[in-house]
Amino acid sequence: MGESFDIREWFLNPRDLLVISGPCSVESREQLLATAEGLSKIDRVKVLRGGIWKPRTRPEAFEGIGEEGLKWMQEAKQRYGFLTMTEVAVPEHVELALKYDIDILWVGARTVVNPFSVQDLADCLKGCDIPVFVKNPIAPDVKLWLGAIERFGGAGLRYIGAIHRGFSSIEETSYRNAPLWEIPIELLRLRPDVPIITDVSHICGCRELLQEVAQKALDMGTLGFMIETHNDPDHALTDAKQQITPDSLKNAFNRLIFRKKKIDTDEMVLQNLRKEIDEIDDELLNLIAKRMNISEKIGDFKKQHKVTVLQMGRWKQILEHHINKGVNLGLNGESVKDIFEIIHKDSIDRQL
Ligand code: PEP
Ligand code: MN
């Protein structure tokens, strides 16, 4: 468990999965200690998380227990040997967290969207050697995430990690925050030196999806997990639907398939590139299907207006345009021609 775990060493060589767990919000001494006690039975858990100040959408919601909770975090650390971790959003949080020996900080998704807030935090962390994890901003904007990491780097912090917690999206999905795996992959490409872990709880928003998303994250080469646990999840004051008991966490770990005990960095790069290709192919198929639907509508129009299906002039014109554009993009002109001939043929068939 926690006692002998060296987080700075992990940053230098993040081979073993970093597992961070604990309640969404610290609610009471009893709740925190009972949760920590349960977690102390899971070897993999090295870091106890607990939200002390909660960024809530509506002002009447529970906004965190405040400074008192930090004392309980300290007590849990002394009792069970965990490292402790909390969210900071303003410089005052940083001062208090340091006062109570919090070992690791994280910056939340709602704070990362605001460069002024991030800069204030970075300024007040100057000269500290505390590890800081930067969650992705709620908006799917890799540059904003990168910018926050750069601001902390600019303040001289040496131990900076990233937490992938999913993104808000207007489209209905089964997730609370759509994972959009291509964004952490892009961050990894831009900053291979920044280890990324996955907050499966905030991606899922419900217990039922946790196992599946944790497995996916593992298969994508995640270097760790943040998972919310509570001794009595149904009565949690925040994020009740997504929290699980420490016992369920233990079972979830037992069900995870570890494809390799140690993650080989080269292998991870290859895996990520392949995932990226898969996502692009998926997108291509969606686009082709969308194109065919429009094509059918054009077919209906032509039928109504008694126009022939094959419009040779237009076809020649678009084919030439696509070949030129493809060549300009560095593609093989012959292949572009083949691809569009197949698409066009299919389109024509649908209009007949
Ligand atoms: C949290 O970890 O409890 C939290 C508020 O996270 P996020 O910033 O990802 O919403
Ligand atoms: Mn939460």
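Note that the structure is predicted; figures quoted are calculated from it, not measured.

Thresholds, definitions, all that
Residues numbered from 1 in each chain as written. Chains lettered and ligands numbered in written order. Predicted model: local features only at pLDDT ≥ 70, side-chain atom pairs only at ≥ 80, totals over all residues. Heavy atoms only, no water. Helix = DSSP H or I, 4+ residues; strand = E, 2+ residues; numbered from the N terminus. Expected span 1.5 Å × (residues − 1). Buried < 20%, exposed > 50% of the residue type's maximum accessible area, 1.4 Å probe, protein only. Contact = heavy atoms within 4.5 Å. Polar contact = N/O pair within 3.5 Å; in protein donor to acceptor, adjacent residues only side chain to side chain. Pairing = 2+ DSSP bridges. Axes fitted to C-alpha atoms, helices over the stretch in contact; angles between N-to-C directions. Donors = N, O, S within 2.8 Å, 3.2 Å for Na, K, Ca; no water. Patch = residues over 30% accessible without salt bridge, like charges linked within 9 Å, V, L, I, M, F, W, Y side chains within 5 Å. Areas by Shrake-Rupley, 256 points an atom, 1.4 Å probe, with all protein chains shown as cover. Salt bridge = Lys/Arg side-chain N within 4 Å of Asp/Glu carboxyl O. Lys, Arg positive; Asp, Glu negative; His and termini not counted. Charge placed at Lys NZ, Arg CZ, Asp CG, Glu CD. Near = heavy atom within 4 Å. Nonpolar A, V, L, I, M, F, W, Y, C, P; charged D, E, K, R; others polar.

*Asks:* Got a minute to help me understand helix α7 (residues 142–154) in this structure?
*Replies:* Because the α-helix completes a turn every 3.6 residues, residues three or four places apart line up on one side. Across its 13 residues, α7 extends 18 Å between first and last C-alpha, which sits within 8% of the 18 Å expected from 1.5 Å per residue. By the burial criterion, the buried members of α7 are V142, W145, L146, G147, A148, I149 and F152. Turning to α7, the residues buried within the fold contact β4 (104–107), α5 (109–112), α6 (115–125), β5 (132–135), β6 (160–164) and α8 (182–190). For α7, the capping residue at the N-terminal end is D141, with a side-chain oxygen 3.0 Å from the backbone nitrogen of K143. Positive backbone phi, at 90 degrees, marks G156, one or two positions downstream of α7.

*Asks:* I would appreciate a short explanation of α8 in the present structure.
*Replies:* Among all positions in α8, only I183, P184, I185, L187 and L188 are buried. In this structure, the buried side of α8 is in contact with α7, β6, β7 (196–199) and α12 (265–304).

*Asks:* Quick question: what am I supposed to make of unusual backbone geometry here?
*Replies:* For L180, which is not glycine, the phi torsion reads 40 degrees and is therefore positive. Despite not being glycine, K306 shows a phi value in the positive range, around 50 degrees. Take K306: it is sitting in the loop between α12 and α13 (312–328).

*Asks:* Looking at this structure, I do not really get the sheet that holds β4. What am I missing?
*Replies:* Where strands meet in a sheet, backbone hydrogen bonds hold them as pairs that are either parallel or antiparallel. Taken together, the 8 strands give a closed barrel; going around it, the order is β1-β2-β3-β4-β5-β6-β7-β8, and neighbouring strands pair in parallel fashion. Ignoring which end each strand starts from, the neighbouring axes of this sheet average 25 degrees apart. As paired elements, β5 and β6 share 4 bridges and run parallel to each other. Following the sheet pairing, V134 is matched in β6 by A162.

*Asks:* Just checking my understanding: could you explain the coordination of the manganese ion (ligand 2) for this structure?
*Replies:* Note on metal sites: the ideal angle is 109.5 degrees for four tetrahedral donors, and 90 or 180 degrees for six octahedral donors. Only C24 (SG), H202 (NE2), E228 (OE) and D239 (OD) from the protein reach the manganese ion (ligand 2) as donors, at distances of 2.1 to 2.4 Å. All donors of the manganese ion (ligand 2) come from a single chain, and their spacing in sequence reads C-x177-H-x25-E-x10-D. Residue C24 is located in the loop between β1 (18–22) and α2 (29–39), and its partner D239 is located in the loop between β8 (224–228) and α11 (246–255); the two are separated by 215 residues in the primary sequence. Grouping residues by exposure puts C24 and D239 together as buried.

*Asks:* Just to check I follow, could you spell out a negative patch on the surface for this structure?
*Replies:* Together, E182, D278, D281, D282 and E283 make up a region of like negative charge exposed at the surface. Top element by residues in the negative patch is α12. It accounts for 4 residues. Along the chain, the position of E182 falls in helix α8.

*Asks:* Quick question: what am I supposed to make of the site of ligand 1 here?
*Replies:* In the region of ligand 1, the neighbouring residues are C24, R49, K54, E87, W106, G108, A109, R110, K135, R165, H202 and E228. The contact in question runs from an oxygen atom of ligand 1 to an N or O atom on the backbone of A109, over 2.8 Å. Contacts to ligand 1 include R165, whose side-chain N or O atom sits 2.6 Å from an oxygen atom. Protein contacts shield 97% of the accessible area of ligand 1, which totals 290 Å² for the unbound molecule. When grouped by side-chain class, the residues that make up the shell around ligand 1 number 3 nonpolar, 2 polar and 7 charged.

*Asks:* Looking at this model, I keep getting lost on the pattern of salt bridges. Mind explaining?
*Replies:* Close approach of charged atoms lets side chains of opposite charge pair. Summed over the entire model, instances satisfying the criterion amount to 19 salt bridges. Here E228 makes a salt bridge to R49, at a shortest N to O gap of 3.3 Å. Placement of E228 in strand β8 and of R49 in strand β2 (residues 45–49) is noted, with a sequence separation of 179 residues between them. This pair shows no difference in class: E228 is buried, exactly as R49 is. In this structure, R207 engages D234 in a salt bridge whose closest nitrogen and oxygen atoms are separated by 3.1 Å. Remark: D234 occurs in the loop between β8 and α11 and R207 occurs in helix α10 (residues 207–219); sequence separation between them is 27 residues. Accessibility expressed as a relative area gives 57% for D234, which makes it exposed.

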